[in-house]
Structure formats: C-alpha cells, structure tokens
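# Overview (structure and organization)
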Amino acid sequence: AGADRLRAFAQELVALYQAGGHWPWGEARALVRDACRLLAAERSLERVNVAPGEHINVVGDVHGQFFDLVSIFEEHGLPST
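These figures come from a predicted structure and were not determined experimentally.

Cut-offs and rules
Residues numbered from 1 in each chain as written. Predicted model: local features only at pLDDT ≥ 70, side-chain atom pairs only at ≥ 80, totals over all residues. Heavy atoms only, no water. Helix = DSSP H or I, 4+ residues; strand = E, 2+ residues; numbered from the N terminus. Buried < 20%, exposed > 50% of the residue type's maximum accessible area, 1.4 Å probe, protein only. Contact = heavy atoms within 4.5 Å. Areas by Shrake-Rupley, 256 points an atom, 1.4 Å probe, with all protein chains shown as cover. Lys, Arg positive; Asp, Glu negative; His and termini not counted. Charge placed at Lys NZ, Arg CZ, Asp CG, Glu CD. Phe/Tyr/Trp six-rings, centres within 6.5 Å; stacked < 30°, edge-to-face > 60°. Axes fitted to C-alpha atoms, helices over the stretch in contact; angles between N-to-C directions. Left-handed = near helix turned anticlockwise from the far one by under 90°. Nonpolar A, V, L, I, M, F, W, Y, C, P; charged D, E, K, R; others polar.

This part is about the overall build of the protein chain. Assigned secondary structure in the protein chain consists of 3 helices and 0 strands. In sequence order, the secondary structure elements of the protein chain are arranged as α-α-α. With the C-alpha coordinates of the protein chain rotated into their principal frame, the extents come out at 40 × 30 × 25 Å. With 81 residues in all, the protein chain has 7% of them scored as buried. Of the contacts formed within the protein chain by residues at least 6 apart in sequence, a portion of 61% connects residues at least 24 apart. Put simply, the protein chain shows about 7,100 Å² of open surface, and 56% of that area lies on carbon and sulfur atoms. Once the 7 positive and 11 negative side-chain charges of the protein chain are each reduced to a mean point, those two points are 10 Å apart.

See below:
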C-alpha cells in the first residue's frame, strides 16, 4: 500500500510539473516536515537485496532540484518501492 501511494504521488508531481502547475507551499512544507521526522528515526545505512537479473537505481540528494528529480523519473522510471 505504501509503495502504491508513493508511486501515485510521484506520478501526480510529474503530471503537475508537465501541466505547468505549482505545488502549494503548505503541502511542500508539510512533506519536508514529515520527511525530516521520518528520516531522523531511520538508520543511515540499509542492506538491499537485488534479485538476479533485476537492478536498482540509487539517487543521491538532489538538493531540492525538482526538475532534476523529474528527469530522473523520466530516464529511470518512477519509484517501485
């Protein structure tokens, strides 16, 4: 369920950008606040198992560059998890 919500959110952001829309500041601020709360509780290193024949794309900090994030989605696809 969480992966589906993340995928839907990413698709909505890309569609908003492509339509020339603007993301409301209050929503962006809430996302950053919630992300900071969640990340503060996470470990800094995780083991990830990748099945034979599968791949993983690791993206570093895009420093808030939304257009770079959209380009990454367009080139590599939307997040699957």
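Right, let's talk about the packing of aromatic side chains for a bit. We describe a pair of aromatic rings using the distance from one ring centre to the other and the angle between the two ring planes. A full pass over the atoms with the stated rule returns 4 aromatic pairs. Three or more aromatic residues joined by ring pairs form one cluster here, namely Y17, F66 and F67.

Attention now moves to the packing of helix 1 (residues 2-18) against helix 3 (residues 66-76). In contact at an axis separation of 11 Å, helix 1 and helix 3 are set at 115 degrees when each is read in the N-to-C sense. Of the two possible hands of crossing, helix 1 and helix 3 adopt the one that is left-handed. Contacts from A10, L13, V14, Y17 and Q18 of helix 1 reach helix 3 at F66, F67, V70, F73 and E74. Within the contact of helix 1 with helix 3, the residues separate by chemical class into 8 nonpolar, 1 polar and 1 charged.

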